Every structure is written in C-alpha cells, then in structure tokens.
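Here is what each chain is made of, one letter per residue.
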Amino acid sequence: MSSRPKNWPPSLPYFKAPQHGKDLTPTQLQFLRTKPTTTTTQSQLDDDGNTLPVVPASSPATETPCPRVKILPITDPLHPAYGQFGLFAATNISPGELIVAYLGRLHGRGTTSEESDYDIWLEREMDVAADAALGGNEGRFVNDYRGVPCGREKGRPNARFGNAFCERWGEVCVGVWAVGGGAGKKGKKKKGVEGGIRKGEEILVSYGKGFWEERRREEGDHGGEGDGDAGGDDYDENDDDDGEGQLS
Ligand SMILES: C[S@@+](CC[C@H](N)C(=O)[O-])C[C@H]1O[C@@H](n2cnc3c(N)ncnc32)[C@H](O)[C@@H]1O
C-alpha cells in the first residue's frame, strides 16, 4: 500500500502516529499512556461508565493508510461540503466498530488555534485536544451529518467520536466509531438507529451544537454566509456538548 491515502492533499503532512505538542505536561502524557486496567480511574470511563476500549495493535482502524476508509471529493452540489472532501466507507462496517483513529497534534488550551476547523477534544478534563489542521490522517476528513442528502439514515450521524487505548501507539486516541452495537451516550437508545455503514456510504458524525453555534457567531461577526449548519432535523443532540469528542 502507498504511504499516503489517495486524495491526500500533497502539501499536508500525513501522520502515522499521534504527534505530541511541546506544551503537554508530564501529567497529560501519563494520562495518555495509561492503559486501562481492572482498577480504572474516572477519566478512563466513558459516559456510560464503561472502561475505555483497548484496540489491539493489529486493528485495521489504526493502520496508516487505513483500509476501512476512502477520502473522496464531494461532487454533489446539494452537499453542504460541496467542493471539499469527505470520508467514505471502503468496506462494510459493523455497528459499534472503530472505523479509523483521528490523528493530529495533541495539545492543551494554551496552544489552541482559533482558526482550526479540525480541533477535537480528546479529554476536556485533562485539557487534551487533537488538532488535525496542519497534519493528520484520514479521520480529519469526516464531515458533519447536518444537511447531507441521500444518507441511508438521513438526518442523523452514522458515526461518532470516541476514545480508545490504541496498542499500536501505546496511548489513548480519539477515534471515529460506527454508531449502534449498544446504547448511545449516557445509555440512551437512539431512536431508529441500527448502526452499521455500507461500503461506499459517507461516514458522518455530529460535531456538536457548540461547533455550529460558534460558526454562526463568527459569520455574524464577519457578515458572511459561509458554509455553516445546513439545517435542522429531529436528531436528539441534547447530550452532545458535554465534553469529549466534539470539534472545538
Ligand atoms: C473536519 S473538516 C471536514 C473535512 C472537510 N470537508 C475537508 O475537506 O477538509 C470540517 C469542515 O468541513 C466542512 N463541513 C463538514 N460538514 C459540514 C456540513 N454538514 N455542513 C457544512 N460544512 C461542513 C466545514 O467547512 C467544516 O469546517
């Protein structure tokens, strides 16, 4: 396999592992490198109180390039990210499966780039985020579900951000997971979602309401129209803005 995925922007660094910003403290590094054990700490539990999943070093989700996904140009003029790229399933993906890691520069609040549209909280409490604006892997191309036409589960995401301990790198990473295969956030069942993504489908997450509210504020400030939130729907996002796994 080539050392970069097809359609990767030629001038953008392609990461084969998470990059550590110089600002990360020993405590943050220790948090990242701590593999969950039977005696887990609070920060190793997800919203449902489950232990952080451990992803074996052999998982295709952490291969670079990742065989589970394709970066493709968005050619449908009705798609809100028309003219940009998106992330698509290269194989059928089972509900609840880790699709691909989201690699970027790991950093704290002090080195946040206000301009970045690729910065995602890994663990807000530990002040660690992953920014893929200046380099990353395929994960950086995942679009938000809002306004995207023709999805099998129209009007809702088929994937979500979530953390895992990745044995390939020996640290906690953000990943993109197929929805389904269990309860949603805080144990709530998501209405009508069975999960699983078919080969060829676009992989779509929710960036969280906060991301789009901030986008609207910026557009208001600048008086522009831009490529903001393309429309509402009945997907219940009330749990979306409580911490990790949201674009900041
Ligand atoms: C993490 S990037 C996603 C990849 C991006 N499409 C690209 O080609 O680099 C986030 C950016 O994608 C665009 N985007 C993603 N989902 C969108 C949506 N539903 N509506 C409008 N723009 C979207 C916005 O420009 C946003 O700032």
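Residues numbered from 1 in each chain as written. Predicted model: local features only at pLDDT ≥ 70, side-chain atom pairs only at ≥ 80, totals over all residues. Heavy atoms only, no water.

The name recorded for the protein chain in an unreviewed UniProt entry is SET domain-containing protein, from Trichoderma ghanense.

Draft legend 1. Focus on the sheet that holds strand 11 (residues 171-178). The 4 strands are arranged 2-10-11-5 in an open sheet whose pairing can be described as mixed. Two strands bound the open sheet, and with one partner strand each, they are strand 2 (54-55) and strand 5 (98-102). In this sheet, strand 11 lies alongside strand 10 (residues 159-166) in antiparallel orientation, the contact comprising 8 bridges. Across the sheet, the residue bridging to Asn163 is Val174, located in strand 11. (Pairing = 2+ DSSP bridges. Helix = DSSP H or I, 4+ residues; strand = E, 2+ residues; numbered from the N terminus.)

Draft legend 2. Fine view of the sheet that holds strand 7 (residues 119-123). If you walk across this open sheet you meet the 4 strands as 1-6-8-7, and the pairing is mixed. The sheet terminates laterally at strand 1 (19-20) and strand 7, the two strands that pair on one side only.

Draft legend 3. Molecular detail of the nonpolar core. If you look at the biggest cluster of nonpolar residues, it comprises 39 residues, and the most contacted ones within it are Ile99, Phe161, Val176 and Ile203. Element by element, the count of residues in this core is highest for strand 11, at 4 residues. With residues near it in sequence (within four places) discarded, Ile99 still touches Ala61, Cys66, Arg68, Val69, Ile93, Ala159, Val176, Trp177, Ala178, Ile197 and Ile203. Core analysis: the next-biggest nonpolar cluster, separate from the first, contains 11 residues, Phe15, Leu98, Leu103 and Ala164 among them. (Core = buried A, V, L, I, M, F, W, Y, C linked by side-chain atoms within 4.5 Å. Buried < 20%, exposed > 50% of the residue type's maximum accessible area, 1.4 Å probe, protein only. Contact = heavy atoms within 4.5 Å.)

Draft legend 4. View of the state of the cysteines. Under the definition given, this model contains 0 disulfides. Cys173 provides the cysteine sulfur closest to Cys166, a residue in no disulfide bond, and the two sulfurs are 3.8 Å apart. For Cys166, a relative accessible area of 2% puts it in the buried group. (Disulfide = S-S within 2.5 Å.)

Draft legend 5. Quick look at the packing of aromatic side chains. Taken as a whole and assessed by the stated rule, the structure comprises 7 aromatic pairs. Measuring from centroid to centroid gives 4.8 Å for Phe211 and Trp212, while their planes differ by 90°, and the two rings are edge-to-face. An aromatic cluster is built from Trp8, Tyr14, Phe85 and Phe141, whose rings are joined through pairwise contacts. The ring of Tyr118 is capped by Arg140, whose NZ or CZ atom sits 4.0 Å from the centre of that ring. In this structure, Arg140 is placed above the aromatic ring of Phe141, and the distance from its NZ or CZ to the ring centre is 4.9 Å. (Phe/Tyr/Trp six-rings, centres within 6.5 Å; stacked < 30°, edge-to-face > 60°. Lys NZ or Arg CZ within 6 Å of the ring centre and 35° of its normal.)

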